[in-house]
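# Topology and contacts: notes
Each chain, letter by letter, is given below.
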Amino acid sequence: MNDPIYERIQANPRFQELVAKRERFAWLLSIIMLGLYLAFIILIAFEPQLLGTRINPDSPTTWGIPLGVGLILSAFVLTGIYVKRANGEFDALNKSILEEVQQ
Amino acid sequence: MIARLLTTLGLMAVAPALWAAGALEGDVQRQPLNISAILMFVAFVGATLYITYWASKRNTSAADYYTAGGSITGFQNGLAIAGDYMSAASFLGISALVFTSGYDGLIYSIGFLVGWPVILFLIAERLRNLGKFTFADVASYRLKQKEIRTLSACGSLVVVAFYLIAQMVGAGKLIELLFGLNYHVAVVLVGILMVCYVLFGGMLATTWVQIIKAVLLLSGASFMALMVMKHVNFDFATLFSEAIKVHPKGEAIMSPGGLVKDPISAISLGLALMFGTAGLPHILMRFFTVSDAKEARKSVFYATGFIGYFYILTFIIGFGAILLVSTNPAFKDGTGALLGGNNMAAIHLANAVGGSLFLGFISAVAFATILAVVSGLTLAGASAVSHDLYASVFKKGKANDKDELRVSKITTVCLGVLAIGLGILFEKQNIAFMVGLAFSIAASCNFPVLFLSMYWKKLTTRGALIGGSLGLITAVGLMILGPTVWVQVLGNAQAVFPYEYPALFSMAIAFAGIWFFSITDTSASAAEERARFLPQFVRSQTGLGASGAVAH
């Protein structure tokens, strides 16, 4: 382990920008995911009849079905959003920082 | 209102209990010998043993053995993670829950999924950037090797042991039920096969067994869902209205029901599920099989997609079973109960939509599913012993690859013998609590130490060691004193600890213990450990110095 390079990276403003951006993004998405899940639970807790209400009186499909399936899809979509930004923007920034300090 | 909320949280928490119950509790009716199922299973075993042979020729170094040399792609690893996570018990258990309660089954499966995005956002890439073979590599990165690796190895082994017992007993029962094979024969067979995969094929073979199993399970379930939808002309409204017509609960299957005991246990189990997944050694190990953080992220993306898709399929399958199985007297006994119990709903549906050949296929897939899960567990247990205990603690990091691998292989055989022994020993025991306990321990010992080692600069060896041990001891202790073990297993009248799942308390104790014994640690070594946080942090963020793929 060569400490100087780690300190150089740490001191690099672009590294700090990367860390701040990525952390904020990761925590934001985590809070959205947990928030959606919690909201779903609270809905079941306080308004269970709402989830059991038919969307359309002629059809047996209740609001609970699209909401439940939507939650599953949102987990997938949120991971997709994170991977897209992390593997694109963040990794590119990361690569340029590493190239810069290793010169 | 609050009570209602707690009750709902409770619903989330019964999930693992149901899940474990899906592992087929108690006595099962042995079915007649199912020839087509056995033939298909033999084909699966033949194919996987061939892969094991192929993998054994490529396994030359420790990195090959533990992590397939980091050569697995994100997509493959995503499938393998899904294969590791979707157990036979969850397939049969969730579809059975939908079959009996409808919408509750969907609520329940969501609880298992929401932990995955959080693992991606907060853990996956740091873990990949810092670790090499086991999660203890990460936890002990800047702390004292001996102490932290011993703690992590203990945490891993305890989790693996409980999980393995639950899987072995479930496997024996399931095979007895599906194939008409004797319980002991089934347990020995599972033990021998898993040892073969892990011993000769290492992580490469284990990964491919999991991938094949995931593909088989997903295609089998897709086919069943497709046939169900075809039956109702691809109209969900028809599916639901037909189900409401024939289900004894009627319209209630379309809204949240209630299956809760006490709210504290419920919340506790919810926590165990959410954070336990992030502390399961066999799941964490999968992140080291890919080449870098980029692929690690992709793995979670694909895994979340496959697992979510699978849960949607089981929901359709459960409704399909209401339509096609509950209305067919051929699948019921004299009293009107489902043959072999409600856990057989999906299996009977396979017969209803695809005939006996497809029934054989689904039965073989269920068996394959168990093999994939136990192989991953065995490999994680063996690496905790050889990489953490032997190479890092006993030999102080000076062991050579060859010796380390030998220890790993000896451990694999020992674990196989142990698993068979425990499987036979626990045949008649109540094992429903074991999966919940494994998750509770993972959430109370492995997760806090791992998480804080990556996120909290002030963590010291003393804090991690004392806090982590407290979490481990509290989780196991409270479980023993709780209703499941103290009353149901040991036969006492009254439980000393009133709640079924300890995670709420044991996680709080672990975090508080780690915090207190870290901030009060003023030793010189603690100061050095805090100073090492900087390079660790930079590496975890940038991947600089991370172990890469091994070139072949």
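Residues numbered from 1 in each chain as written. Chains lettered and ligands numbered in written order. Predicted model: local features only at pLDDT ≥ 70, side-chain atom pairs only at ≥ 80, totals over all residues. Heavy atoms only, no water.

### Details of the environment of S30(A)
What counts, and what does not: A helix here means a DSSP run of H or I that spans at least four residues, while a strand means a run of E at least two residues long, and both kinds are numbered starting from the N terminus. Residue contacts are defined here by distance: any two heavy atoms, one from each residue, within 4.5 Å place the two residues in contact.
Take S30(A): it is sitting in helix 2 (residues 13-46). As a C-alpha pair, S30(A) and T79(A) span 49 residues in sequence and 9.8 Å in three-dimensional space. Among all residues touching S30(A), those that are not within four sequence positions of it are F121(B) and L122(B).

### Examining the confidence of the model for chain A
Our working definition: Each residue gets a pLDDT score, which is the predictor's confidence in that residue and runs from 0 to 100.
Residues of chain A with pLDDT of at least 70 account for 97%, and the chain-wide mean is 88. Across chain A, the element-wise mean pLDDT spans from 82 in helix 3 (residues 48-51) of chain A up to 93 in helix 4 (residues 64-102) of chain A.

### Regarding the confidence of the model for chain B
On average, chain B scores 86 in pLDDT, and the residues at 70 or more come to 91%. Here residues 5-26 of chain B is modelled with pLDDT under 50, and outside its nearest four sequence neighbours on either side it reaches 70 contacts, counting other chains as well.

### What about the side chain of N12(A)?
Residues and elements named next belong to chain A. Under the convention used in this document: N or O atoms closer than or at 3.5 Å make up a polar contact, with two conditions inside protein: a donor-capable atom paired with an acceptor-capable one, and, for residues adjacent in sequence, both atoms drawn from side chains.
Relative to the elements of secondary structure, N12 occurs in the loop between helix 1 (3-11) and helix 2. In this structure the side chain of N12 is engaged in a polar contact, spanning 3.2 Å, whose partner is the side chain of E100. In this structure, N12 is in contact with I97, E100 and V101, ignoring residues within four places of it in sequence.

### Observations regarding the environment of A495(B)
Residue and element names in this part refer to chain B. Summarising the element assignment, A495 is placed in the loop between helix 19 (483-489) and helix 20 (503-519). Sequence separation between A495 and K409 is 86 residues; the distance between their C-alpha atoms is 41 Å. Setting aside anything within four residues of it in sequence, one finds A495 in contact with L481, G482, P483, W486 and V487.

### Regarding the packing of helix 2 of chain A against helix 4 of chain A
Short version of the rule: Lines are fitted to the C-alpha atoms to define the axes, a helix being fitted only along its stretch in contact, and any angle between axes, read from their N-to-C directions, falls within 0 to 180 degrees. Angles are sorted into four bins: roughly parallel if under 35 degrees, roughly antiparallel if over 145, roughly perpendicular if 65 to 115, and oblique for all others.
Direction vectors running N to C along helix 2 of chain A and helix 4 of chain A enclose 175°, while the axes themselves pass 10 Å from each other. On the basis of the axis angle, helix 2 of chain A is roughly antiparallel to helix 4 of chain A.

### Side note on the environment of E100(A)
All names here are of chain A. Selection criterion: Each residue is assigned to one of three classes by its accessible area relative to the maximum for its type, calculated with a 1.4 Å probe on protein chains only: buried under 20%, partly exposed between the two thresholds, exposed over 50%.
Mapped onto the fold, E100 is located in helix 4. With a relative accessible area of 39%, E100 lands in the partly exposed category. Taking C-alpha positions, E100 is 57 Å from I55, a pair spaced 45 residues apart along the chain. Setting aside its immediate chain neighbours within four residues, E100 contacts N12 and R14.

### Side note on the side chain of N446(B)
Residues and elements named next belong to chain B. Here N446 lies in helix 17 (residues 432-455). Look at N446 and you get buried, because its relative accessible area is 3%. Side-chain polar atoms of N446 contact the backbone oxygen of G279, separated by 2.9 Å. Setting aside its immediate chain neighbours within four residues, N446 contacts F135, G155, S156, V159, G279, P281 and I441.

### Some thoughts on a nonpolar patch on the surface
All names here are of chain A. As a reminder of what qualifies: To count toward a patch, a residue needs a relative accessible area over 30% and no salt bridge; like charges are then connected within 9 Å, while nonpolar side chains (Val, Leu, Ile, Met, Phe, Trp, Tyr) are connected within 5 Å. Note on areas: these come from Shrake-Rupley sampling with a 1.4 Å probe, and a residue is covered only by the protein chains present in the view. Each salt bridge in this description consists of a side-chain nitrogen of Lys or Arg and a carboxyl oxygen of Asp or Glu lying within 4 Å of one another.
A grouping of L28, I32 and L36 is seen on the molecular surface, where their side chains present a nonpolar patch of about 230 Å² in accessible area. Along the chain, L36 turns up in helix 2. Residue L36 is classed as partly exposed on the basis of its relative accessible area, which comes to 36%.

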